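Summary of structural features
Residues per chain, in single letters:
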Amino acid sequence: MSSTPDVILARLQAAGSAFADKKPGAREQLLNLGYSLISSLELPSEAIQRMGWAEPARAAHCRIAVELRIFELLKDSGEQGIDVKDLALKTGADEVLIGRTLKHLAAMNIVAESGTDRYAATRLSNAFTEQRYRDGIIYTHDVAGPSFHGLPDYLKNINYALPTQLTDGPFQAAHKTQLPFFAWLDQNPPYLQIFSSYMGAYRAGKPSWVDPGFYPVSERLATGFDESDGSGVMLVDVGGGRGHDLQELKEKHPSLPGRLILQDQADVVSTVSGEGVFEATAHDFFTPQPVNNARAYYLHSVLHDWGDDDCVRILEQLRPAMKPGYSKLLVNEIIVPGRNAPWPTTSMDQLVFVLGAMAERTESSWENILERAGFKVTHVYNYEMGSESLIEAELA
Ligand SMILES: C[S@@+](CC[C@H](N)C(=O)[O-])C[C@H]1O[C@@H](n2cnc3c(N)ncnc32)[C@H](O)[C@@H]1O
């Protein structure tokens, strides 16, 4: 049974105090209570209006604003903002059209109104000028969007069976392809670069495994690290995208010894320098791991893109490279709880479902995969209100 507005308001007050005291998880709690408050107050007619028109229009107009660089123009105009007439002149778009776009984006709290037919930037619209967030808007609209839109028809056509094939799911139906998601990204420039760039943004600001109170990096990795042993590698980030996790690891643990190695597809790492922090190398994780005796092999949001058998194949490639009793396997993934799964967890489950016919996993599913690949879990590390967990394992 859902809570009444007065109960939620009382909880909001308590969560507000926790937020003021900078308690971990308080911000996420406030957000969730805010969403609950809306659900408790909103009429069914308003819910349909919001879900069916207001939010799709917001997403579409954010995509248009990215294309026309409207968020940049708002940012450049400072606190005074900019007239719709000037925006039309600078973008080349119709003045009435731009006016209506901005009016909706203001109503949906993306931009601010600074006068009649005059708009200014907000904290959010300024963030949307950063390349990684621009890419997030493009990726979610162009790549994921059509897959969700076509999902009802797709499932009806297959009599509501469960899609499990990487080459035959909602994504393929929406994009009229038989390529798996990553192969399609690769063959449809610039979407691979856009996806990789957005991966560096989708968790920005959220609790990270390297933060205090999550995974004890010094205790579990630095202590016992043998610099003279083999390659002197501290950590290999397998399928690490452009290396944002390695950057963050080094920023938050500057005294961490040893080399950091990034591995990803050749087209992803070709544009990455590592900036003296890590070494970027091309490696297909379905082939034997070339870096031996590293302290840790780390996979973040990699295995959730693959079915159980492929996960086992990927993990088996690591085993011969690992030194028994020394090397650790670190799997950073969502663990779906039995009850009360939060929306970041369920929506990621839906995203991997539409893109790759995959699913987020429970703790026992992860244990099963790791056991099949010849590993045993040593500990699972969680963080207050965080949606990802760090599963630490070693050779069985
Ligand atoms: C969901 S992203 C995760 C990226 C990064 N670890 C993160 O969490 O932000 C999955 C990554 O796997 C990479 N990938 C896909 N197939 C691969 C393969 N066969 N070998 C190496 N990397 C691959 C993709 O390029 C992508 O960077």
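Residues numbered from 1 in each chain as written. Predicted model: local features only at pLDDT ≥ 70, side-chain atom pairs only at ≥ 80, totals over all residues. Heavy atoms only, no water.

An unreviewed UniProt entry annotates the protein as O-methyltransferase originating from Hypoxylon rubiginosum.

Quick word on the nonpolar core
Our working rule: Among buried residues, those of type Ala, Val, Leu, Ile, Met, Phe, Trp, Tyr and Cys that are joined through side-chain atoms within 4.5 Å constitute a nonpolar core. The classification of residues rests on relative accessible area computed with a 1.4 Å probe and restricted to protein chains. Under 20% of the type maximum is buried, over 50% is exposed, and intermediate values are partly exposed. The helix and strand labels rest on DSSP assignments: H or I over at least four residues marks a helix, E over at least two residues marks a strand, and numbering proceeds from the N terminus. Any two residues having at least one pair of non-hydrogen atoms within 4.5 Å are treated as being in contact.
Membership of the largest hydrophobic core comes to 82 residues, with the highest contact counts inside it found for Phe-71, Leu-315 and Leu-329. Ranked by the residues each element gives to this core, the list is headed by helix α12 (residues 191-199), at six residues. In contact with Phe-71, not counting residues within four places along its chain, are Cys-62, Ala-65, Val-66, Leu-105, Ile-110, Val-111, Ser-125, Phe-128 and Thr-129. Membership of the second largest hydrophobic core comes to 24 residues, among which are Val-217, Met-234, Leu-262 and Phe-278.

Digging into the pattern of salt bridges
In plain terms, the rule: Salt bridges are defined by distance alone: a side-chain nitrogen of Lys or Arg within 4 Å of a carboxyl oxygen of Asp or Glu.
Considering all chains together, one arrives at 20 salt bridges under this definition. For Arg-203, the salt bridge is made with Glu-388, and the minimal N-O distance between the two is 2.9 Å. With Arg-203 in the loop between α12 and α13 (217-222) and Glu-388 in strand β10 (residues 388-395), this residue pair connects regions lying 185 residues apart in the sequence. Summarising the burial analysis for this pair, Arg-203 and Glu-388 share the class buried.

A short note on the environment of Phe-71
One can find Phe-71 in helix α4 (residues 70-76). The exposure class of Phe-71 is buried, given its relative accessible area of 1%. For the pair formed by Phe-71 and Glu-248, sequence separation is 177 residues and the distance between their alpha carbons is 27 Å.

Details of the pairing of β10
Threshold: Two strands pair if DSSP finds at least two bridges between them.
Counting buried positions over the eight residues of β10 gives seven, a clear majority of the element. Relative to β10, strand β8 (residues 328-334) runs antiparallel, the two sharing six bridges. Of the residues in β10, the one forming a bridge with Val-331 is Ile-391. Examined bridge by bridge, strand β9 (residues 375-381) and β10 share six bridges and lie antiparallel to one another.

Here we look at helix α5 (residues 84-91)
What counts, and what does not: Our arc is simply the arc of the directions from the helix axis toward the C-beta atoms.
Those residues of α5 that fall on the buried side of the exposure criterion are Val-84, Leu-87, Ala-88 and Thr-91. For α5, the angular spread of the buried residues around the axis is 100°, confining them to a single face. Turned more than 90 degrees away from the buried face of α5, the exposed residues are Lys-85, Leu-89 and Lys-90. Elements that come into contact with the buried residues of α5 comprise α3 (44-68), α4, β1 (82-83), α6 (95-107) and β3 (118-120). Gly-92 sits one or two positions beyond α5 and adopts a positive phi of about 80°.

Remarks on the side chain of Gln-172
By the secondary structure assignment, Gln-172 is in helix α10 (residues 170-175). Discounting residues that sit within four places of it in the chain, Gln-172 has contacts with Leu-166, Thr-167, Thr-177, Gln-178, Leu-179, Pro-180 and Phe-181.

Side note on the pairing of strand β5 (residues 259-264)
To keep it simple, the criterion reads: Look down the strands so they point away from you; if the path from the first strand over the helix to the second goes clockwise, the crossover is right-handed.
In terms of burial, β5 is a largely internal element, five of the six residues being buried. As paired elements, strand β4 (residues 233-238) and β5 share five bridges and run parallel to each other. Each bridged residue has a counterpart across the sheet, and for Val-238 the counterpart in β5 is Gln-263. Handedness of the crossover joining β4 and β5 through helix α14 (residues 244-252) is recorded here as right-handed. One ladder, built from four bridges, connects β5 with strand β6 (residues 279-282); its direction is parallel. Bridging from a neighbouring strand, Gln-263 pairs with Thr-281 of β6.

Notes on the side chain of Ser-389
Among the secondary structure elements, Ser-389 is positioned in strand β10. Those residues within four positions of Ser-389 in sequence are excluded, and the remaining contacts are Phe-214, Val-331, Asn-332, Glu-333, Ile-335, Val-380, Tyr-381 and Asn-382.

Regarding the sheet that holds β8
The cut-off we apply is this: Between N-to-C directions, angles span 0 to 180 degrees; the directions come from axes that are lines fitted to C-alpha atoms, helices contributing only their stretch in contact.
If you trace the seven strands from one edge of the open sheet to the other, you get β6-β5-β4-β7-β8-β10-β9, paired in mixed fashion. The open sheet has two edge strands, β6 and β9, and neither has a second partner. With direction set aside, neighbouring strand axes in the sheet form an average angle of 25°.

Let's talk about the site of the ligand
We apply this condition: Any residue with a heavy atom lying within 4 Å of a molecule or strand is counted as near it. In protein, a polar contact means a hydrogen-donor-capable atom and an acceptor-capable atom, both N or O and within 3.5 Å, with residues adjacent in sequence counting only if both atoms are side-chain atoms; elsewhere, any N or O pair within 3.5 Å suffices. The Shrake-Rupley method, run with a 1.4 Å probe, gives the accessible areas here. Residue values count only the displayed protein chains as cover. When residue character is reported, Ala, Val, Leu, Ile, Met, Phe, Trp, Tyr, Cys and Pro are called nonpolar, Asp, Glu, Lys and Arg charged, and the others, Gly included, polar. These domain limits were set by an automatic method or by a database of domain assignments.
Close to the ligand lie 19 residues; Arg-203, Gly-239, His-244, Asp-264 and His-300 are nearest. In the environment of the ligand, a nitrogen atom lies 3.5 Å from a nitrogen or oxygen atom belonging to the backbone of His-283. A distance of 2.8 Å separates a nitrogen atom of the ligand from a polar backbone atom of His-300. Bound to the protein, the ligand loses 96% of the 590 Å² it would expose on its own. In terms of residue class, the shell around the ligand is built from seven nonpolar, eight polar and four charged. The two domains that each donate at least three residues to the shell around the ligand are domain 2 (131-199) and domain 3 (217-395).

Observations regarding the domain arrangement of the protein
Stated formally: Buried area: the sum, over both parts, of the accessible surface (1.4 Å probe) that disappears when the two are put together.
Along its sequence, the protein is carved into domain 1 (5-127), domain 2 (131-199) and domain 3 (217-395). The straight-line distance from the C-alpha centre of domain 2 to that of domain 3 is 24 Å. Each side of the interface is counted separately: domain 2 has 22 residues, and domain 3 has 17 residues. By the criterion of area lost to domain 3, the three top residues of domain 2 are Leu-166, Phe-182 and Gln-193, representing 30% of everything that side buries. Our count for the contact surface shared by domain 2 and domain 3 stands at four residue pairs in polar contact (both at pLDDT 80 or more).

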